[in-house]
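Residue-level structure breakdown
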Amino acid sequence: MLTELLKPYKTIAIIGMAKNSGKTTVLNHIIGKHPDTLGITSIGRDGEVKDVVTNTEKPRIFVRTGTIIATAAQFFESADILKETLFVTDINTPLGQVVIFRACSDGFVEIAGASIVSQMGYLVECMRNFNAKKIIIDGAVGRKSLANPQIAEAVILCTGAAISQNMQTVVAETAFAVKMLMLPKIDDESYVYLPKLVTDQLLAEYVKVPPKGIIIDDATKLFISPQMYKKMQIKGIKLGVKTPINLIAVTINPTSPYGLGFESQKLLSGVQAVVDLPVYDVVKYPSVC
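These notes cover the structure that comes with them. (Residues numbered from 1 in each chain as written. Predicted model: local features only at pLDDT ≥ 70, side-chain atom pairs only at ≥ 80, totals over all residues. Heavy atoms only, no water.)

Counted according to the given criterion, the structure contains 3 aromatic pairs. Relative to Phe101, the ring of Phe76 has its centre 5.1 Å away and its plane inclined at 65°; by these criteria the two rings are edge-to-face. Of this pair, Phe76 sits in helix H3 (residues 73–78) while Phe101 sits in strand S6 (residues 96–103); the two residues are 25 residues apart in sequence, bridging distant segments of the chain. Each member of the pair, Phe76 as well as Phe101, is classed as buried. (Phe/Tyr/Trp six-rings, centres within 6.5 Å; stacked < 30°, edge-to-face > 60°. Helix = DSSP H or I, 4+ residues; strand = E, 2+ residues; numbered from the N terminus. Buried < 20%, exposed > 50% of the residue type's maximum accessible area, 1.4 Å probe, protein only.)

Right, dumping it as structure tokens:
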């Protein structure tokens, strides 16, 4: 069960491959299943009634009494719950300073927290100091930086029909994302070390004169295409990391706001066939999650 997988970890990041890939649904599932005090925050914005970019309806975030929340001042003020202010940070966002508070009743909240890794680490530590037993960090599309192993002890990847109307494309892109997030740790002085963001443009130079391998700090620094990765394989260039990411599960969302979705079991089976991780649909099969 997903909830059993989460038990050993104090800080968990939920990252999505696209908007409407099911991050909020997974977050709500964890909130509903976890008996101890949770801390929640986001590296983007989540919990709104409609997505501010796509104008599509979204599930709201429902918290229980005792939850510790770190969010922007505007959302702190508008939260539909009784609340106790714990700490006003000096982290600024377009929606005001990040406020840490305790939910004193059940209800809905919007979350928008820190936008950079160092700030997120600080928020995590603050929430832990206010007795949050397990902290869940909600991701933003294209922002896998919160999966940084210095912050998240475990990571859940959300995928689904919002990526493409072609299920084979969804499965293939998910498989590649998992492969990149799970790059192995390599410690070899003969490898080239790249201490910055790694892109197709950067790797194109190394493909011309192939090194034995390339090492990056961690997979959050990697932004390459499947085509570039295939070129590296053809050239015999191995790719590894100094610090691996602990990706523990994949969740699927077979529905899409942009058109027809997929049959849950078919998408579930398709993803299970290409990744060596537990794969869940927390809506269709909540009893095994």
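After presenting the structure, the write-up continues.
A separate point is the sheet that holds strand S14 (residues 238–241). Taken in spatial order, the 3 strands of this open sheet run S10-S12-S14, and their pairing is parallel. Taken across any chain shown, the strands that pair with only one partner, and hence form the sheet edges, are strand S10 (192–194) and S14. Each neighbouring strand pair of the sheet contributes to a mean axis angle of 25°, computed without reference to strand direction. The pairing of strand S12 (residues 213–216) with S14 spans 4 bridges and is classified as parallel. Each bridged residue has a counterpart across the sheet, and for Gly213 the counterpart in S14 is Lys238. (Pairing = 2+ DSSP bridges. Axes fitted to C-alpha atoms, helices over the stretch in contact; angles between N-to-C directions.)

Inspection of the secondary structure puts Thr67 in the loop between strand S3 (61–63) and strand S4 (68–72). A polar side-chain atom of Thr67 sits 2.7 Å from the main-chain carbonyl oxygen of Arg64. The residues touching Thr67, leaving out its near neighbours within four places in the chain, are Leu38, Ile40, Phe101, Arg102 and Ala103. (Polar contact = N/O pair within 3.5 Å; in protein donor to acceptor, adjacent residues only side chain to side chain. Contact = heavy atoms within 4.5 Å.)

A few words now on the pattern of salt bridges. This model, assessed by the stated rule, comprises 7 salt bridges. Here Glu4 ties to Lys7 by a salt bridge, and the two come within 3.1 Å at their closest N and O atoms. The salt bridge involving Glu125 is made with Arg128; its shortest N-O contact spans 3.8 Å. Taken together, the positions of Glu125 and Arg128, both in helix H4 (residues 117–129) and 3 residues apart, correspond to about one turn of that helix. (Salt bridge = Lys/Arg side-chain N within 4 Å of Asp/Glu carboxyl O.)

Next up on the list: the state of the cysteines. As enumerated under the stated definition, the model contains 0 disulfides in all. Here Cys104 is not disulfide-linked; the sulfur of Cys126 is the nearest cysteine sulfur, at 18 Å. For Cys104, a relative accessible area of 36% puts it in the partly exposed group. (Disulfide = S-S within 2.5 Å.)

The next point concerns the sheet that holds strand S15 (residues 247–253). Pairing is mixed across the open sheet formed by 9 strands, whose spatial order is S5-S6-S4-S2-S8-S1-S9-S15-S16. Since the sheet does not close on itself, it has two edges, and those belong to strand S5 (83–93) and strand S16 (279–280), each with one partner. By the bridge criterion, 5 bridges tie S4 to S6 in an arrangement that is antiparallel. Directly across from Ala70, in S6, lies its bridge partner Ile100. In the packing of helix H5 (residues 167–181) onto the sheet, the strands contacted are strand S1 (11–16), strand S9 (154–160) and S15, and the crossing angle to S9 comes to about 165°. Along the sheet, helix H8 (residues 264–272) makes contact with S9, S15 and S16, crossing S15 at roughly 150°.

So, on to the environment of Ala161. Relative to the helices and strands, Ala161 is located in the loop between S9 and H5. Taking relative accessible area as the criterion, Ala161 reaches 3% and is therefore assigned buried. In this structure, the C-alpha to C-alpha distance between Ala161 and Ile252, residues 91 residues apart in sequence, is 8.2 Å. Residues within four places of Ala161 in sequence aside, it is in contact with Asn253, Pro254, Thr255, Ser256, Gly261 and Phe262.

Positionally, Ala154 belongs in strand S9. Given the relative accessible area of 0%, Ala154 is considered buried. On a C-alpha basis, the gap between Ala154 and Val192 in space is 27 Å, while along the polypeptide they are 38 residues apart. Excluding anything up to four places from it in sequence, Ala154 contacts Tyr9, Thr11, Ile12, Ala13, Asn246 and Ile248.

What follows concerns the side chain of Asp281. For Asp281, the position within the fold is in the segment after S16. Here Asp281 is buried and forms no salt bridge, its nearest opposite-charge partner Lys284 lying at an N-O distance of 7.3 Å. At a separation of 2.6 Å, a polar atom in the side chain of Asp281 contacts the side chain of Ser264. Within the local environment of Asp281, its side chain forms a polar contact with the backbone nitrogen of Val283, the two atoms lying 3.0 Å apart. Filtering out sequence-adjacent residues up to four positions away, Asp281 remains in contact with Ile252, Pro254, Ser264, Leu268, Pro286 and Cys289. (Lys, Arg positive; Asp, Glu negative; His and termini not counted.)

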